[in-house]
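This is what each chain is made of:
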Amino acid sequence: MKKLIHLAALAGASLILLASCNDANNASLSTTPSLIPLPQAVTLSDQYFMLTPSTTIGYDTNNKELAAIAGILNSKMKNATGFTCSEKATGDIRFVLLDTPTANAESYQLTVDNDGVEIAAAQPAGIFYGMQTLLQLLPTEINSTTVATPAAGWEIPYTDIKDAPQFKHRGMMLDVSRHWFTKEEVMAYIDQMATYKMNVFHWHLTDDQGWRIEIKSLPRLTEMGAFRAPRVGQWWQREPQQPGEATTYGGYYTQEDIKEVLAYAAARYVRVIPEIDVPGHALAILVAYPEMACIKAPKTINVGEKFYGIDENSLCAGNEASFEFMEKVLTEVAALFPDEYIHIGGDECYKGFWAKCPKCKKRMQAEGLKSTHELQSYFIRRMETILKAKGKKLIGWDEIHEGGLAPEATVMSWRGMQGGITAAKSGHHVIMTPNNNCYLDLYQGERSVEPDTYSMCRLTDSYNFNPIPEGVDPEMILGGQGNLWTESVPHFRHAEYMTWPRGWALAEVLWSGTDNKDWNGFVKRVENHFERADYAKINYARSMYNAIINPFRTENGDVRIELASELSDLAIYYTFDNTDPDSYTPQYKAPLTIPKDATWLRVVTYRDGKPIGKVITLKTADLIKQSAGSVRKVGNL
Ligand code: ACM
Ligand code: ZN
């Protein structure tokens, strides 16, 4: 009997929950697939196709793209199963290219029945996504890096899935400047995002703390700009490079490395958009080529010390040398990267030195520019002219609005949605990455038990992301992306910790759409993917299990402490008496009053009688201070 898990119209993504569990088959619910992102329509049955050493993969073996997809499928399965499926023109797992040229290139249909597995799509991209779904239909052990034996064998449930993405741009940004990631790590990141049907890798290649791409005509960029003094302490609190200190931290990608990454990404249907961040965030450029500073170039690459407004980090917009430099850089970047877009940054450009610079002032006068914002706009327009001549389109962060938007620019909105809304309403394409939903560098749970960073973006915030604001033509919104800035990300395992599971939530929003969210269902699937990540040795954050602690004041000034949880099925226990909380200490029911002389509040979450979150220990004096920031009416306690 079939269980219709959910059915959604392909186009509208409307989700109707029609789970009709077969009485005799409740046991098989444990194997109900936990797909992320959720497909547009799934029917499931309680029968299974078994993957065995004699299973074959069938496709037109003259088609190189299909052969590459079969290769990826086989290599992913081989680690865990220990066997390789032979590849032939016909097989048990069949890739079928349909003659439907108007269909969405990324859509696919996946059928598993007694004939085996069939993935049908108009384009290889769709076959690739069907293959990713197929892997998620297998037991979690399929992600194992060593041979595993799932209890029920390599079962693939009979199913019929119709699927297509909601958004064209489903991106992830990785900042490789603040922290240097090897090309192998970059490829691992791309593979992980492709697993969740993300299709754009935004490679933030340059910033104040390091220039990471070989530009053959400008060798000092990497000779000087790619290395800095080693530091691991807290960002903005670090000691600057000292006289005579060796610049041993860093690295860069040669153009050959980049070609390798591009080929790897292309095989996973991931477009790569390089970012060359100018005119601000350019300190590493000025160290290498000081002639492009307005007044005085800094001598050392920033290691994470405070410098804004003290050291220059913007290219002089009055000096033609800056434009000649960018012409050279963009010529090589455009030749290397096949994507139609190049991101030129444009964010957080400090303009204080421009305001004092004779060359910048002269430029403003000559061009009739009334403010340094207009000077920034002038700079960005010139970037657009350079890119257009090379057949490329410009993307910039939402600050490129200030002083007037370049005519054909695509805006990446990060300071909330407003920059994107304004751009879309004036006819520009937009990629939404509002920091409170999409910034993967932010805290994802109670700060005292998370590695140090700033501000907050919980899993619920990422899951609640809706890239299409009301009143905006959806056609103008290309999609969205998660951004991982790496000031406080010292290694790749921590990049994974910051990315997952928030990246899964974003993947789901961008692929499955926003109409039919089901937070509790999503959490269940996330937990299945925690298991998959464990098998794959991929790190992730369990922050969703930690309690949320919200101190506030009543209208008459009394301090209260609200405890909460992102998950609906957790019990929260607490103490004020300097002992560890557990399920025998008081359970939270309503906002707490701090008992007289209590020094510490300790809190822990439980599920099904077992501790699940971290023990959180906070000073009551700090909570009292924080409570001043939030006043609630008595009726809203
Ligand atoms: C940014 O976060 N400065 C784009
Ligand atoms: Zn200047």
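These remarks concern the structure in this document.

Reading the values: the criteria
Residues numbered from 1 in each chain as written. Chains lettered and ligands numbered in written order. Predicted model: local features only at pLDDT ≥ 70, side-chain atom pairs only at ≥ 80, totals over all residues. Heavy atoms only, no water. Buried < 20%, exposed > 50% of the residue type's maximum accessible area, 1.4 Å probe, protein only. Helix = DSSP H or I, 4+ residues; strand = E, 2+ residues; numbered from the N terminus. Salt bridge = Lys/Arg side-chain N within 4 Å of Asp/Glu carboxyl O. Phe/Tyr/Trp six-rings, centres within 6.5 Å; stacked < 30°, edge-to-face > 60°. Lys NZ or Arg CZ within 6 Å of the ring centre and 35° of its normal. Arc of directions from axis to C-beta. Contact = heavy atoms within 4.5 Å. Core = buried A, V, L, I, M, F, W, Y, C linked by side-chain atoms within 4.5 Å. Pairing = 2+ DSSP bridges. Axes fitted to C-alpha atoms, helices over the stretch in contact; angles between N-to-C directions. Polar contact = N/O pair within 3.5 Å; in protein donor to acceptor, adjacent residues only side chain to side chain.

1. Notes on helix 15 (residues 502-512)
For helix 15, a buried count of 11 out of 11 residues is recorded, marking the element as mostly surrounded by other parts of the structure. Of all the positions in helix 15, only R502, G503, W504, A505, L506, A507, E508, V509, L510, W511 and S512 are classed as buried. Just beyond helix 15, the residue with positive phi is G513, at close to 95°.

2. Regarding the pattern of salt bridges
A full pass over the atoms with the stated rule returns 30 salt bridges. A salt bridge links R632 to E562; the shortest N-O distance between them is 3.1 Å. Here E562 lies in strand 23 (residues 559-564) and R632 lies in strand 28 (residues 631-632), a separation of 70 residues in the sequence. It is possible to trace a salt-bridge network through shared partners that takes in D175, R178, D207 and E487.

3. Comments concerning the packing of aromatic side chains
Applying the stated criterion to the full structure yields 35 aromatic pairs. The interplanar angle of 85° and the centroid separation of 6.4 Å between the aromatic rings of F227 and Y252 together place this pair among those described as edge-to-face. With F227 in strand 14 (residues 227-228) and Y252 in the loop between strand 15 (249-250) and helix 5 (255-266), this residue pair connects regions lying 25 residues apart in the sequence. Assessed through its relative accessible area of 31%, Y252 is described here as partly exposed. A network of ring pairs unites the aromatic residues W180, F181, Y189, F201, W203, Y253, F337 and F492 as a single cluster. Positioned above the aromatic ring of Y264 is the side chain of R268, whose terminal nitrogen or guanidinium carbon lies 3.6 Å from the ring centre.

4. Observations regarding helix 17 (residues 620-627)
All buried positions along helix 17 are accounted for by T620, L623 and S627. Down the axis of helix 17, the buried side of the element spans an arc of 55°, and every buried residue falls inside it. Buried residues in helix 17 make contact with strand 22 (548-554), strand 23, strand 25 (600-607) and strand 27 (616-619).

5. Side note on the nonpolar core
Core analysis: the largest hydrophobic core is formed by 162 residues, its most contacted members being F95, W203 and F325. Residue contacts for W203: discarding those within four places in its chain leaves L174, V176, V186, Y253, I258, V261, V272, I273, P274, E275 and F337. In this structure, V449, L563, L592 and L618 belong to the second largest nonpolar core, which totals 18 residues.

6. Digging into the sheet that holds strand 22
Strand order in this open sheet of three strands is 23-22-28, and the pairing throughout is mixed. Each having just a single partner strand, strand 23 and strand 28 make up the two edges of the open sheet. With six bridges connecting them, strand 22 and strand 23 associate as antiparallel partners. Note that in strand 23 the partner of I549 across the bridge is L563. Sheet strands touched by helix 17: strand 22 and strand 23. Its angle to strand 22, the strand with the most contacts, is close to 60°.

7. Brief notes about the pairing of strand 21 (residues 477-484)
Within strand 21, eight of the eight residues are buried, which leaves it mostly tucked inside the rest of the structure. With six bridges connecting them, strand 10 (residues 169-175) and strand 21 associate as parallel partners. Each residue of the ladder has a partner; that of R170, found in strand 21, is G480. Judged from the three bridges that link them, strand 20 (residues 430-432) and strand 21 form a sheet pairing that is parallel. The residue bridging M432 from the neighbouring strand is G480, located in strand 21.

8. Observations regarding the sheet that holds strand 21
If you walk around this closed barrel you meet the eight strands as 10-11-16-17-18-19-20-21, and the pairing is parallel. Adjacent strand axes in the sheet meet at a mean angle of 25° when their direction is disregarded. As defined by bridge partners, strand 17 (residues 341-345) adjoins strand 18 (residues 393-397) across three bridges and the pair is classed as parallel. Within strand 18, the residue paired with I342 across the bridge is L394.

9. Considerations on the side chain of N319
Here N319 shows up in the loop between helix 6 (283-288) and helix 7 (320-336). Judged by its relative accessible area of 15%, N319 is buried. In this structure the side chain of N319 is engaged in a polar contact, spanning 3.1 Å, whose partner is the backbone oxygen of E291. Of note is the side chain of N319, whose polar atom sits 2.9 Å from the backbone nitrogen of A321. Setting aside its immediate chain neighbours within four residues, N319 contacts E291, M292, K359 and R363.

Any link to function would need more than the numbers given here.
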